[in-house]
Amino acid sequence: MILYSTKHASPDVSLEEAVFRGLPPDNGLYMPYEIPTLPQSFFDTIGDLSISEIAFEVAKALLGNDVPESDLKGIIERSINFEAPLVGIEPNKYVLELFHGPSMAFKDFGARFMAALMSYFLQKSHQDIHILVATSGDTGGAVAQGFYNTPDIKVTILYPTGKVSDIQEKQLTTLGGNVTALEVDGTFDDCQSLVKQAFLDQELSSKYNLASANSINISRLIPQSFYYFNAYAQLKKAGVDKPVVFCVPSGNFGNLSAGLIAQRMGLPVKMFVAATNINNIVPNYLASGVYEPRPSQETISNAMDVGNPSNFIRMQLLAGDAYEEVVKHIAGDFSNDDDTRVTMKEVYDKTGYIMCPHTAVAYRGLSSYMTELGEDVTGVLLSTAHYAKFLDVVEGTLGTTVPIPERLSALLSKEKVAIPMSTKFSDFKNYLLQL
Ligand SMILES: N[C@@H](CCOP(=O)(O)O)C(=O)O
């Protein structure tokens, strides 16, 4: 795999370089020159394959010779070893549950694959790596779990104080070991900007091998494409053969970009719906052609509180670049918090299904699109996190207590350890330099 920078002012790199650099020096994003199309025979038999078999075939096609097949098998077996079931909730409408991994959010796919891939490369090069990651809620927990106790890798997680749920905060701040949490007195955008500035800072890069575990890192997007194929496989197995619409609750737009990679590899997708909360920068762009990032606002679907989505450029390029092409692949929708609460309650009353606020944003986006389209399609909405990660919002909205998986309830009694940090880059840099 050879990758270029979307700003075209940095040298091309190999997969290994892209994984460890995260960002090109010109502050663009790495993109592969080639995205291969999978053979028809793969799609003919996909219904018989397990999620890890699908992941292996997709990764093998994308990575080419960068990782020998036997090593790639090991990487997949260690990382993509939990299910992503498709649950029918209404006629023609399915929830793709992506929260059955260790941190109970879809980020487990990306974080675990990335940790296994980095460890594989590090066995050969024996360097010490310091991962910096910004989170608005879910990435941090998945990265903490995925990289916990990984030899030669230190992880620093930046999160906006008071703007993640209690359980999300505990996931980031209670592991210890090689994982440190910085509680930033600002928004997710501030955290993301601190991390990006650190990657571009000469002094820091000469002292440390810094790497990113956010979706700016291409190795996060590759595994996120696996579950789109797996959803299709499950539909095929169930004999559903109508055109498929995927609705993706979105913040940094890595998840949607991964879906577009799957589509470029031949996955038949009729349309993607980008569903956001009131941080509706991309739905606005899809409606007007004008992309205007702005500071993020706090919502109950906090993991999507992003005002300047990192992957916008990738999403645009993958969907055809020109605005007229992009809107052929992606429709937009957004919900405010009242809409989200009403949706959570209505779905629960009607079907008994409990959704997290992000999943409810996607449900609403999918429902409006399907009603507008008026065609016979199958709708799949991505459920990005388990509802219990947002306990206060869910119980307050549904007016009832809800069961909490042991894995999450066990966190509540653990003690949070986090270092306060301002939004000034100089403070963050000094902190890193004195480590
Ligand atoms: N929604 C994210 C924000 C970071 O996005 P990423 O996909 O770039 O890691 C979160 O939950 O932290």
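Residues numbered from 1 in each chain as written. Predicted model: local features only at pLDDT ≥ 70, side-chain atom pairs only at ≥ 80, totals over all residues.

Visitor: Report on the UniProt feature "domain: Tryptophan synthase beta chain-like PALP" (unreviewed entry) in the chain, specifying residues and quantitative values.
Guide: Residues given the UniProt feature "domain: Tryptophan synthase beta chain-like PALP" (unreviewed entry) here are residues 96-382. Annotation note: span residues 96-382, helix share 49%, strand share 16%, distance between end C-alpha atoms 5 Å. (UniProt positions renumbered as here; feature names shortened; annotations may be inferred. Helix = DSSP H or I, 4+ residues; strand = E, 2+ residues; numbered from the N terminus.)

Visitor: I'd like to hear about the pairing of strand 8 (residues 179-184), residue by residue, with values.
Guide: The element strand 8 is largely enclosed, with a buried count of six among its six residues. Going residue by residue along strand 8, you find Val179, Ala181 and Glu183 tucked away on one face and Thr180, Leu182 and Val184 tucked away on the opposite face as well. In this sheet, strand 8 lies alongside strand 7 (residues 153-160) in parallel orientation, the contact comprising six bridges. In the sheet register, leucine 158 faces strand 8, and the bridge partner there is leucine 182. (Buried ≥ 20, exposed ≤ 12 C-beta atoms within 10 Å, placed from the backbone. Pairing = 2+ DSSP bridges.)

Visitor: Account for unusual backbone geometry, naming residues and giving values.
Guide: Of note, phenylalanine 253 is a non-glycine position whose phi angle comes to about 70 degrees, a positive value. Positive phi, close to 75 degrees, is recorded for aspartate 321, a residue that is not glycine.

Visitor: Just give me the short version of the UniProt feature "domain: Threonine synthase N-terminal" (unreviewed entry) in the chain, but keep the residues and values in it.
Guide: As recorded in UniProt, the feature "domain: Threonine synthase N-terminal" (unreviewed entry) lies at residues 4-79. Between the C-alpha atoms that bound residues 4-79 the distance is 27 Å, and the span itself is 49% helix and 9% strand.

Visitor: Report on the sheet that holds strand 13 (residues 378-383), specifying residues and quantitative values.
Guide: What links the strands of a sheet is backbone hydrogen bonding, and the strands pair in either a parallel or an antiparallel sense. Reading across from one edge, 4-5-13-10-11-12 is the order of the six strands in this open sheet, with mixed pairing throughout. The outermost strands of the open sheet, each flanked by one partner alone, are strand 4 (86-90) and strand 12 (330-334). Across the sheet, the mean angle from the axis of one strand to that of its neighbour is 25 degrees, orientation sign disregarded. Pairing between strand 10 (residues 244-249) and strand 11 (residues 271-276): five bridges, direction parallel. Of the residues in strand 11, the one forming a bridge with cysteine 247 is valine 273. Its contacts with the sheet put helix 11 (residues 254-264) on strand 10, strand 11 and strand 13, and the angle it makes with strand 10 is roughly 155 degrees. Contacts between helix 16 (residues 357-373) and the sheet are confined to strand 5 (93-97), strand 10, strand 11, strand 12 and strand 13, with strand 10 contributing the most and set at about 145 degrees to the helix. (Axes fitted to C-alpha atoms, helices over the stretch in contact; angles between N-to-C directions. Contact = placed C-beta atoms within 7 Å.)

Visitor: Tell me what's going on with the nonpolar core, and back it up with residues and numbers.
Guide: By size, the foremost hydrophobic cluster in this structure holds 137 residues, and its most contacted members are Leu96, Ile157, Leu158, Phe229, Cys247 and Val273. Considering each element in turn, this core owes the most residues, 10 residues, to helix 10 (residues 218-237). Non-local contacts of isoleucine 157, meaning those with residues more than four positions away in its chain, are made with Val133, Thr135, Gly140, Val143, Ala144, Leu172, Val179, Ala181 and Leu182. (Core = buried A, V, L, I, M, F, W, Y, C linked by C-beta atoms within 7 Å.)

Visitor: An account of helix 5 (residues 107-125) is needed here, citing residue identities and associated values.
Guide: Between its terminal C-alpha atoms helix 5 stretches 27 Å, which fits the 27 Å expected from 19 residues at 1.5 Å a residue. Those residues of helix 5 lying buried are Lys107, Asp108, Phe109, Gly110, Ala111, Arg112, Phe113, Met114, Ala115, Ala116, Leu117 and Met118. A positive backbone phi angle near 50 degrees is found at histidine 126, which sits one or two residues after helix 5. (Expected span 1.5 Å × (residues − 1).)

Visitor: Which residues make up the sheet that holds strand 2 (residues 13-14), and what values do they have?
Guide: One open sheet holds the three strands; their spatial order is 2-1-3, and the pairing between them is antiparallel. Every other strand in the sheet has two partners, leaving strand 2 and strand 3 (30-32) as the edge strands with one partner each. Both strand 1 (residues 2-5) and strand 2 contribute to a ladder of two bridges, which runs antiparallel. Bridge pairing in strand 2 links leucine 3 to valine 13.

Visitor: Outline the pairing of strand 1, supporting the account with residue identities and numerical values.
Guide: Taking every second residue as pointing to the same face, the buried face of strand 1 carries Leu3 and Ser5, while none of Ile2 and Tyr4 on the other face is buried. Summarising the sheet, strand 1 and strand 3 pair through three bridges and their orientation is antiparallel. Each residue of the ladder has a partner; that of tyrosine 4, found in strand 3, is methionine 31.

Visitor: Hey, could you go over the site of the ligand for me, with residue numbers and the actual values?
Guide: Around the ligand lies a shell of 13 residues, among which Thr135, Asp138, Thr139, Asn214 and Ser215 are the nearest. If one sorts the elements of the shell around the ligand by residue count, helix 6 (residues 138-147) sits on top with three residues. Tallied by class, residues from the shell around the ligand come to one nonpolar, 11 polar and one charged. (Near = placed C-beta within 6 Å. Nonpolar A, V, L, I, M, F, W, Y, C, P; charged D, E, K, R; others polar.)

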